Amino acid sequence: GLYSETCSCHAPCPCEMIGLEKGCEGVGAMQLSSGSYNGQDLSGMKAAYAVVPGEWVIVYVQPAKPEQAKAAREFLMALFSNWGKVEAIKDAKIDIAGQGGNYTVTVDDGKIMRYQTKVVLGGDKKSPIAHTNIADPLNHTFFQALNESATFKDGGRTITLGEGTNAYFNDQMDGLGEL
């Protein structure tokens, strides 16, 4: 599948590398091209989230099929419960556009969340900087990007990230981890 995130940290953010960092806040999204949880197919499911690691997480889900809804919510609760208190898992329209680290993500047409990232190329000026051997159940590799803009607002929670903060992506997510 595809994974993208951006946060308030300077690159690289330690949360994905060595553990949750207090003071960080961020947003992210994923789309599963294939996968299952507890024997239930999650192919095509989209999810997005806003988080202050160690404090709170709000998750948004767009199942590809109605019969995925229960398994998708259980999967997302298991995935994000280590990041902080999951305050809600809400149904939403999630759009992920772009490729290769240059993404625009919106939740409910940008009314709840909107962010844009751009890839950071490595020394060969052709491929993105890669962080490998990551202890994440879905992503063992993260590619470096930077935030161009990010906003989130839902209820009393808000996140606004300035240009140039950390972003990661993996457009060939292939995790076989356990939650």
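The structure contained in this document is the topic of the report that follows. (Residues numbered from 1 in each chain as written. Predicted model: local features only at pLDDT ≥ 70, side-chain atom pairs only at ≥ 80, totals over all residues. Heavy atoms only, no water.)

**So, the packing of aromatic side chains**
In the structure shown here, the tally under the stated rule is 10 aromatic pairs. Through successive ring pairs, a cluster of aromatic residues spans Tyr 3, Phe 142 and Tyr 168. (Phe/Tyr/Trp six-rings, centres within 6.5 Å; stacked < 30°, edge-to-face > 60°.)

**Focus on the pairing of strand S13 (residues 157-161)**
By the bridge criterion, five bridges tie strand S12 (residues 141-154) to S13 in an arrangement that is antiparallel. Bridge pairing in S13 places Asp 154 opposite Arg 157. As consecutive antiparallel partners, S12 and S13 are separated by two residues, and within that stretch Gly 155 has a phi angle of approximately 60°, a positive value. (Pairing = 2+ DSSP bridges. Helix = DSSP H or I, 4+ residues; strand = E, 2+ residues; numbered from the N terminus.)

**Quick notes on the environment of Thr 117**
Within the element layout of this structure, Thr 117 appears in strand S10 (residues 113-119). Judged by relative accessible area, which is 3%, Thr 117 ranks as buried. Each C-alpha atom of the pair Thr 117 and Ala 47 lies 17 Å from the other, and the pair is 70 residues apart in sequence. Residues in contact with Thr 117, not counting those within four places in the same chain, are Ser 4, Glu 5, Thr 6, Gly 101, Asn 102, Tyr 103, Ala 145, Leu 146, Glu 148 and Ala 167. (Buried < 20%, exposed > 50% of the residue type's maximum accessible area, 1.4 Å probe, protein only. Contact = heavy atoms within 4.5 Å.)

**A short note on the pattern of salt bridges**
Within the structure shown, the criterion is met by seven salt bridges. Here Lys 90 and Asp 154 are joined by a salt bridge, their closest N and O atoms 2.8 Å apart. With Lys 90 in strand S7 (residues 85-91) and Asp 154 in strand S12, this pair connects stretches of sequence that are 64 residues apart. In this structure, Asp 95 and Lys 93 form a salt bridge, with 3.5 Å as the shortest nitrogen-oxygen distance. The exposure class of Lys 93 is partly exposed, given its relative accessible area of 39%. The network of salt bridges with common partners includes Lys 93, Asp 95 and Asp 109. (Salt bridge = Lys/Arg side-chain N within 4 Å of Asp/Glu carboxyl O.)

**Focus on empty space enclosed by the protein**
Gaps between atoms show up when a probe of the same size as a water molecule is rolled over them. Counted according to the given criterion, the structure contains one cavity of 30 Å³ or more. Here the largest cavity is characterised by a volume of approximately 50 Å³. Residue lining of the largest cavity: Tyr 3, Glu 16, Met 30, Leu 79, Phe 80, Trp 83, Asp 136, Leu 138 and Asn 139, and that is the complete set. Of the residues that constitute the lining of the largest cavity, the class distribution is six nonpolar, one polar and two charged. (1 Å grid on protein atoms, 1.4 Å probe; cavity = no way out; pocket = protein on both sides within 12 Å on 5 of 7 lines; lining within 4 Å. Points joined across faces, edges and corners; volume = space filled by probe spheres on them. Nonpolar A, V, L, I, M, F, W, Y, C, P; charged D, E, K, R; others polar.)

**Points about the environment of Lys 90**
With relative accessibility at 31%, the residue Lys 90 sits in the partly exposed group. With 17 residues separating them along the chain, Lys 90 and Arg 73 place their C-alpha atoms 8.9 Å apart. Beyond its immediate stretch of four places on either side in the chain, Lys 90 contacts Ile 58, Val 59, Tyr 60, Val 61, Arg 73 and Asp 154.

**Some points on the nonpolar core**
Among soluble globular proteins, nonpolar side chains are generally buried collectively. Formed by 31 residues in total, the largest nonpolar core has its most connected members in Met 30, Phe 75, Leu 76 and Phe 80. Residue assignment for this core shows that the elements contributing at least two residues are strand S1 (2-7), strand S5 (46-52), strand S6 (56-62), helix H2 (69-80) and S7. Here this core gets six residues from one element, more than from any other, and that element is H2. Setting aside its immediate chain neighbours within four residues, Leu 76 contacts Met 45, Ala 47, Val 59, Val 61 and Ile 89. (Core = buried A, V, L, I, M, F, W, Y, C linked by side-chain atoms within 4.5 Å.)

Interpretation in functional terms is not warranted from these geometric data alone.
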